[in-house]
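# Coordinate inspection notes
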Amino acid sequence: MTTDAWFAGVTSDESDGPDDTDEAVAHIREGRADAPADWPAQAVESGFAATEEEYYQKLRAATLAAARTAAAERERADDKQLVHAVRAMDDAERTANELAERLAEWAGTLFDDAGSGVGYARELAGREAETPAEQPVVSFAGRVADLADEADDLREFIERRAPDVAPNLAEMAGPVLAARLMSLAGGLDALAKKPSGTVQVLGAEDALFAHLAGRATSPKHGVIFTHEYVRGTRSEDRGSAARAFAGKLTLAARVDHYGDEFKQELHDDLRERIETIRARADEGDEDGGDDE
Amino acid sequence: MSDRDQSLPSGVERRTFDERERLATQGLPVYGEPTDGDWRVWDAGRSKLGAMLELGMDTGLVGDETVLYLGAASGTTVSHVADFAGPTYAVEFAPRPVRDLVGVAEDRDNLFPLLKDARKPETYAHVVEADVDVLVQDVATRGQARVAARNAQFLRDDGRLLAAIKARSEDVTADPSDVFDDVVDELAEAFEILETTRLDRFHDDHLGVVARPK
């Protein structure tokens with residue numbers, strides 16, 4: 001069976017219905033052969049095409065469709081890599097900070113100039129231990145610094161890959177927040193299916209459930225708070241900004257998932273909308289509370 | 001108009017753009033390259049095959065060949081190949097560039113994009129025809145000689161392998177000359193090496209190779 005051409009078994013009706021194309025595309029994508037052969041001549045011989053010219057036309061249609069669908073599928077699968085990477089980055093960063101605190105406490109007993117944080121761990125890791133007692137502390141600092149480096153590498157990976165996987169979402173939210181939204185939703189496909197009200201509070205699930213239980217007001221924003229569009233807007237207008245931002249993020253995720261191209265209008269629209277919301281601060285408050 | 005350059009295939013000419021002589025082919029523009037009527041610049045700085053032609057290597061190309069192109073990436077170079085060649089099969093493994101490659105192929109009747117791994121020819125031997133005239137290889141992967149050897153089965157007896165060997169893909173730390181020696185030695189097991197030229201003027205640490213099957 002491994003000597004079959006991609007067109008073997010594909011019907012060559014005049015109709016050229018969608019089923020035939022699907023079949024041909026599947027053969028191009030999944031077929032195999034041990035060796036090439038004179039496929040154009042065989043196609044004419046077998047009646048798949050009347051002429052070699054017609055064969056090449058059919059080959060072109062089938063390879064274009066196969067490459068398009070195969071590339072889209074593989075690219076979509078790449079969102080799962082981003083989801084894992086951003087979760088690993090968060091874990092590595094959090095753990096590095098926790099260990100840096102432990103290190104600061106320990107180092108404070110040995111060094112007069114002991115500092116704190118990951119920066120201090122990096123500094124200490126570069127030092128030579130002068131006494132046997134200092135040795136384990138310096139070694140521990142080295143592990144903390146390595147873990148912080150790993151988090152930085154993961155961030156770099158996300159910054160490099162997110163614009164390929166979701167160009168509009170990465171442009172709008174920034175690569176890391178884009179990956180984080182995909183992570184919270186469970187992937188780009190899941191994010192693209194969520195209503196914008198859900199996207200607005202992704203990452204604020206605790207606050208949302210407290211609200212639903214009647215114990216708190218509804219949260220205005222989840223993880224999108226980390227973006228300048230939300231955080232940089234004064235608190236009275238932050239709900240409006242978060243809602244506008246979430247609305248466009250939802251559109252961006254849908255364009256990235258279902259379509260392919262970069263949509264500049266989407267980004268221009270959002271910038272304009274945020275500027276309008278922020279202009280309220282200059283106009284007084286008379287029309288500022290309508291969104292909350 | 002300029003004189004026909006005998007080392008260039010028909011369909012590729014040296015033409016003047018902004019007072020500079022540059023390679024050009026006829027076809028729809030792909031990446032914002034300068035155009036003059038329906039001629040468009042084939043930038044040797046962006047294309048290793050373009051650099052091989054620019055440097056006067058004897059590629060044996062005459063025009064209208066059937067071509068198997070390995071490592072087509074976004075289709076920058078292969079679009080020029082499809083402008084002067086016949087049926088052109090373009091293999092690329094990474095999905096993102098294939099999205100652009102499909103766009104390039106949509107504007108051309110003779111360009112067939114394949115999202116396949118050039119190290120596994122059995123996954124496209126049911127599509128790519130036997131006895132192609134030219135095998136172009138520009139893959140940034142370890143084992144470039146092995147990729148060429150595995151794909152030699154597609155070439156006709158007196159066909160040509162036109163390969164751009166990237167030293168850093170084999171070994172980032174080694175001296176490029178040593179890497180090239182090793183790769184050419186390995187290539188010589190399956191091919192007769194006709195010419196090698198460093199492409200450094202246009203592409204750092206790349207070697208252009210013209211060879212034919214043994």
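Residues numbered from 1 in each chain as written. Chains lettered and ligands numbered in written order. Predicted model: local features only at pLDDT ≥ 70, side-chain atom pairs only at ≥ 80, totals over all residues. Heavy atoms only, no water.

## Looking at the overall build of chain B
When helices and strands are counted, chain B shows six helices and 11 strands. Out of the 214 residues belonging to chain B, those deemed buried represent 59%. In chain B, 53% of the contacts between residues at least 6 apart in sequence involve partners at least 24 apart. If you sum the accessible surface of chain B, you get close to 8,700 Å²; carbon and sulfur atoms cover 41% of it. (Helix = DSSP H or I, 4+ residues; strand = E, 2+ residues; numbered from the N terminus. Buried < 20%, exposed > 50% of the residue type's maximum accessible area, 1.4 Å probe, protein only. Contact = heavy atoms within 4.5 Å. Areas by Shrake-Rupley, 256 points an atom, 1.4 Å probe, with all protein chains shown as cover.)

## Description of the UniProt feature "coiled-coil region" (unreviewed entry) in chain A
Residues annotated in UniProt with the feature "coiled-coil region" (unreviewed entry) correspond here to residues 82-109 of chain A. Here residues 82-109 of chain A is 93% helix and 0% strand, with 41 Å between the C-alpha atoms at its ends. (UniProt positions renumbered as here; feature names shortened; annotations may be inferred.)

## Section: the interface of chain B and chain A
On the side of chain A, 31 residues touch chain B, which itself brings 29 residues to the contact. Both sides of the chain B and chain A interface together cover about 2,500 Å² of buried area, and 58% of this is carbon and sulfur. Viewed at the interface, chain A and chain B are joined by three salt bridges. Counting every contact that joins chain B to chain A gives 16 residue pairs in polar contact (both at pLDDT 80 or more). Among the elements of the structure, α3 (95-106) and β7 (111-115) of chain B are those that each provide at least two residues to the side of chain B that touches chain A. Considering every element that reaches the side of chain B that touches chain A, the biggest residue donor is α3 of chain B, with seven residues. (Buried area = accessible area lost by both parts, 1.4 Å probe. Salt bridge = Lys/Arg side-chain N within 4 Å of Asp/Glu carboxyl O. Polar contact = N/O pair within 3.5 Å; in protein donor to acceptor, adjacent residues only side chain to side chain.)

## Considerations on the pattern of salt bridges
Residue and element names in this part refer to chain A. Under the definition given, this model contains 38 salt bridges over all chains. Between Glu123 and Arg127 there is a salt bridge, and its shortest N-O distance comes to 3.5 Å. Here Glu123 falls in the partly exposed class, since its relative accessible area comes to 47%. What makes Arg127 partly exposed here is its relative accessible area of 27%.

## Some remarks on the UniProt feature "binding site: S-adenosyl-L-methionine" (unreviewed entry) in chain B
Residue and element names in this part refer to chain B. The UniProt feature table records "binding site: S-adenosyl-L-methionine" (unreviewed entry) at Thr76, Thr77, Glu92, Phe93, Asp117, Ala118, Asp138, Val139, Ala140 and Thr141. Residue position: Glu92 is located in strand β6 (residues 88-92). In contact with Glu92, not counting residues within four places along its chain, are Gly71, Ala72, Ala73, Pro97, Val98, Leu101, Leu114, Leu115 and Lys116. At 2.7 Å, the side chain of Glu92 and the backbone nitrogen of Ala73 are in polar contact. Note on placement: Asp117 falls in the loop between β7 and β8 (132-137).

## Focus: the side chain of Arg238 of chain A
With respect to the element layout, Arg238 of chain A can be found in helix α12 (residues 238-258). Discounting chain neighbours no more than four positions away, the residues touching Arg238 of chain A are His221, Phe225, Val230, Arg231 and Thr233 of chain A.

## Side note on the sheet that holds strand β4 (residues 39-41) of chain B
Residue and element names in this part refer to chain B. Spatially, β1-β2-β4-β3 is the arrangement adopted by the four strands of the open sheet, whose pairing is antiparallel. Only two strands of the sheet have a single neighbouring strand rather than two, namely β1 (12-17) and β3 (35-36). By the bridge criterion, two bridges tie β3 to β4 in an arrangement that is antiparallel. Looking across to β4, one finds that Asp36 is bridged to Trp39. (Pairing = 2+ DSSP bridges.)

## Some words on the pairing of strand β11 (residues 206-213) of chain B
Residue and element names in this part refer to chain B. In terms of residue burial, β11 counts as a mostly covered element, since seven of its eight residues are buried. With six bridges joining them, strand β9 (residues 155-166) and β11 adopt antiparallel strand pairing. In the sheet register, Leu161 faces β11, and the bridge partner there is Ala211. Taken together, the seven bridges between strand β10 (residues 191-198) and β11 define a ladder with antiparallel strand orientation. Paired with Glu192 across the two strands is Arg212, which belongs to β11.

## A word on the side chain of Ser169 of chain B
Note that Ser169 of chain B resides in helix α5 (residues 167-170). Discounting chain neighbours no more than four positions away, the residues touching Ser169 of chain B are Ala140, Thr141, Arg142 and Gln144 of chain B.

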